[in-house]
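Letter by letter, the chains look like this.
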Protein chains: 2
Amino acid sequence: MSTLTLYTWKTPNGYKVSIFLELLELDYETKSLDISTNIQKEDWFLKLNPNGRIPTLVDHSTGITISETGAILQYLADTYDKAHRFSYPHGTKEYYLQLEILYFQMAGVGPMQGQANHFIIYAPEKIPYGITRYKNETKRLYSVVEEYLRRNQHNGPYLVGNHYSISDIAIFGWANSLGKIGIDIEQWPLVSQWFEKLRSFPEVQKGLSVPS
Amino acid sequence: MSTLTLYTWKTPNGYKVSIFLELLELDYETKSLDISTNIQKEDWFLKLNPNGRIPTLVDHSTGITISETGAILQYLADTYDKAHRFSYPHGTKEYYLQLEILYFQMAGVGPMQGQANHFIIYAPEKIPYGITRYKNETKRLYSVVEEYLRRNQHNGPYLVGNHYSISDIAIFGWANSLGKIGIDIEQWPLVSQWFEKLRSFPEVQKGLSVPS
């Protein structure tokens with residue numbers, strides 16, 4: 001039995017965690033929760049996450065059950081990335097920039113691009129005000145990602161420091177679905193190069209195929 | 001000169017940080033940025049925070065400049081709450097629940113209540129779909145807060161463990177402005193008691209008056 005169980009589905013938030021688990025080369029068991037059936041609102045799952053949203057990770061070796069992708073990525077980095085291949089040591093300057101960008105993704109990019117998805121693809125009525133508002137805000141937020149990459153250009157195509165980190169993984173998860181709302185990533189040259197590079201890794205490809 | 005400079009305004013996100021600084025009894029200098037003038041989008045401020053949003057904290061003693069309130073609260077807890085009066089030790093079970101709820105606030109409560117504010121108060125046109133969508137989602141999220149409090153009721157009126165933490169401060173900042181969109185906090189008995197208790201602290205009151 002794997003010590004890690006990931007409850008997930010084929011969404012930007014789900015992919016963040018499966019990509020990180022693949023990069024860390026961890027053995028994990030996947031429980032596929034098709035959210036179109038609302039299974040994530042059933043009592044048994046609400047016990048794991050009262051907010052009724054995927055992904056949720058259970059680590060049987062530590063007894064930790066954790067939701068919210070920013071928290072899951074931090075937990076996995078603390079616990080399974082002691083060599084800091086995809087994170088920075090607690091308390092350093094890079095650690096706090098990594099944290100700032102992680103929260104920027106969680107509080108900005110994710111919710112706003114999520115609302116753009118809703119108004120463009122899923123809302124039962126077409127509401128031009130909602131479509132324009134969230135599409136524009138999503139674009140603005142990726143121009144901020146471009147600026148973060150520009151500031152760190154001397155180090156390489158990383159958001160923070162001299163290697164990839166959980167900030168990159170978090171933003172990649174959402175950048176990967178920009179096409180679906182008709183936003184062309186190539187308008188941001190640095191974001192575009194950074195994205196293609198990350199997408200080329202086999203571990204990232206594997207993470208994007210979970211759950212199969 | 002204070003070693004801490006807080007760029008802030010009278011908003012739920014601004015209050016989270018000023019309340020925590022007051023609770024930690026830290027000396028800090030406040031720079032008031034009236035966001036209705038768009039001063040937070042000026043070049044000098046974008047150097048501090050490329051996302052152009054308040055609050056931003058500069059710690060002259062460590063050389064750290066940090067934005068996104070979840071990251072600021074974590075930074076302040078790590079640096080100035082070594083006795084863990086308002087946080088839990090790194091790596092513990094309480095630490096990760098604190099983190100989950102902090103991200104839940106940052107990714108859910110803040111953005112969704114923020115959109116409710118927009119559609120109810122600020123949007124130039126009244127769009128019933130937007131008003132209903134975000135008011136309902138805001139209410140759903142506070143019912144999740146109620147559930148977190150219920151699960152920890154044996155410990156007291158805290159979201160995590162046996163004392164207040166940065167999770168409570170983060171959610172308090174937004175619970176404090178529910179009235180402005182006509183949502184009655186009393187529909188959640190535990191949230192309501194928790195809120196009144198927190199509001200009664202002089203440090204919290206002081207934090208809510210920043211910038212003066």
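Residues numbered from 1 in each chain as written. Chains lettered and ligands numbered in written order. Predicted model: local features only at pLDDT ≥ 70, side-chain atom pairs only at ≥ 80, totals over all residues. Heavy atoms only, no water.

Chain A is annotated in an unreviewed UniProt entry as Piso0_004740 protein of Pichia sorbitophila. The UniProt entry for chain A carries this comment under Sequence similarities (unreviewed entry): "Belongs to the GST superfamily." (UniProt positions renumbered as here; feature names shortened; annotations may be inferred.)

Caption draft 1: Region of the structure containing the overall build of chain A. The secondary structure content of chain A amounts to eight helices and four strands. If you list the helices and strands of chain A from N to C, you get β-α-β-α-β-β-α-α-α-α-α-α. Relative to the globule expectation of 17 Å for 212 residues, the C-alpha radius of gyration of chain A, 17 Å, shows essentially globular dimensions. Here the C-alpha coordinates of chain A stretch approximately 45 × 45 × 30 Å along the principal axes. With 212 residues in all, chain A has 59% of them scored as buried. Contacts spanning at least 24 positions in sequence make up 65% of the contacts within chain A whose residues lie at least 6 apart. Total accessible area on chain A stands at roughly 8500 Å², and carbon and sulfur atoms take up 51% of it. Across chain A, the centroid of the 20 positively charged side chains sits 5 Å from that of the 22 negatively charged ones. (Helix = DSSP H or I, 4+ residues; strand = E, 2+ residues; numbered from the N terminus. Rg over C-alpha atoms; globule rule 2.2 N^0.38 Å. Buried < 20%, exposed > 50% of the residue type's maximum accessible area, 1.4 Å probe, protein only. Contact = heavy atoms within 4.5 Å. Areas by Shrake-Rupley, 256 points an atom, 1.4 Å probe, with all protein chains shown as cover. Lys, Arg positive; Asp, Glu negative; His and termini not counted. Charge placed at Lys NZ, Arg CZ, Asp CG, Glu CD.)

Caption draft 2: Expanded view of the packing of aromatic side chains. Under the definition given, this model contains 28 aromatic pairs over all chains. Each ring, one from F172 of chain A and one from F195 of chain A, has its centre 4.9 Å from the other, and the planes form 20°; the classification is stacked. With F172 of chain A in helix 6 (residues 166-175) and F195 of chain A in helix 7 (residues 189-199), this pair connects stretches of sequence that are 23 residues apart. Among the residues examined, F172 of chain A registers a relative accessible area of 1% and is labelled buried. Look at Y164 of chain B and F201 of chain B: their rings are 5.7 Å apart centre to centre, the planes differ by 80°, and that puts the pair in the edge-to-face class. Here F201 of chain B lies in the loop between helix 7 (189-199) and helix 8 (202-207) and Y164 of chain B lies in the loop between helix 5 (128-151) and helix 6 (166-175), a separation of 37 residues in the sequence. Exposure remark for Y164 of chain B: the relative accessible area of 12% places this residue in the buried category. (Phe/Tyr/Trp six-rings, centres within 6.5 Å; stacked < 30°, edge-to-face > 60°.)

Caption draft 3: Fine view of the nonpolar core. Y142 and W194 of chain A together with Y142 and W194 of chain B are the most contacted members of the largest nonpolar core, which totals 136 residues. When sequence neighbours within four positions are dropped, the list of residues in contact with W194 of chain A reads L149, P157, L159, Y164, D168, I171, F172 and A175 of chain A. (Core = buried A, V, L, I, M, F, W, Y, C linked by side-chain atoms within 4.5 Å.)

Caption draft 4: Focus on the interface of chain A and chain B. Each side of the interface is counted separately: chain A has 48 residues, and chain B has 48 residues. Together chain A and chain B conceal approximately 4000 Å² of surface at their shared face, both sides included; 58% is due to carbon and sulfur atoms. For the chain A face of the interface with chain B, the top three residues by lost area are Y96, Y103 and Y129 of chain A, together amounting to 19%. Counting every contact that joins chain A to chain B gives zero salt bridges. One can count 24 residue pairs in polar contact (both at pLDDT 80 or more) joining chain A with chain B. Of all the elements in the fold, those that place two or more residues in the side of chain A that touches chain B are helix 2 (43-48), strand 4 (64-67), helix 3 (69-80), helix 4 (93-122) and helix 5 (128-151) of chain A. The greatest single-element share of the side of chain A that touches chain B, amounting to 15 residues, is contributed by helix 4 of chain A. (Buried area = accessible area lost by both parts, 1.4 Å probe. Salt bridge = Lys/Arg side-chain N within 4 Å of Asp/Glu carboxyl O. Polar contact = N/O pair within 3.5 Å; in protein donor to acceptor, adjacent residues only side chain to side chain.)

Caption draft 5: Examining the sheet that holds strand 3 (residues 56-59) of chain B more closely. Residues and elements named next belong to chain B. Pairing within the open sheet is mixed, and its four strands lie in the order 2-1-3-4. Two strands bound the open sheet, and with one partner strand each, they are strand 2 (29-32) and strand 4 (64-67). Each strand of the sheet is rotated relative to its neighbour by a mean of 15°, with strand direction disregarded. Sheet analysis places strand 3 next to strand 4, joined by four bridges and oriented antiparallel. (Pairing = 2+ DSSP bridges. Axes fitted to C-alpha atoms, helices over the stretch in contact; angles between N-to-C directions.)

Caption draft 6: Here's a closer look at the relation of the copies chain A and chain B. Between chain A and chain B, which share one sequence, the superposing operator has a rotation angle of 180° and an axial displacement of 0.0 Å; the RMSD is 0.0 Å. Given the turn and translation reported, the copies of this chain are related as if by a two-fold rotation axis. When C-alpha positions in chain A are compared against the rotation axis, the closest is assigned to A107 of chain A, at 2.2 Å. (Least-squares fit on C-alpha atoms with pLDDT ≥ 70 in both.)

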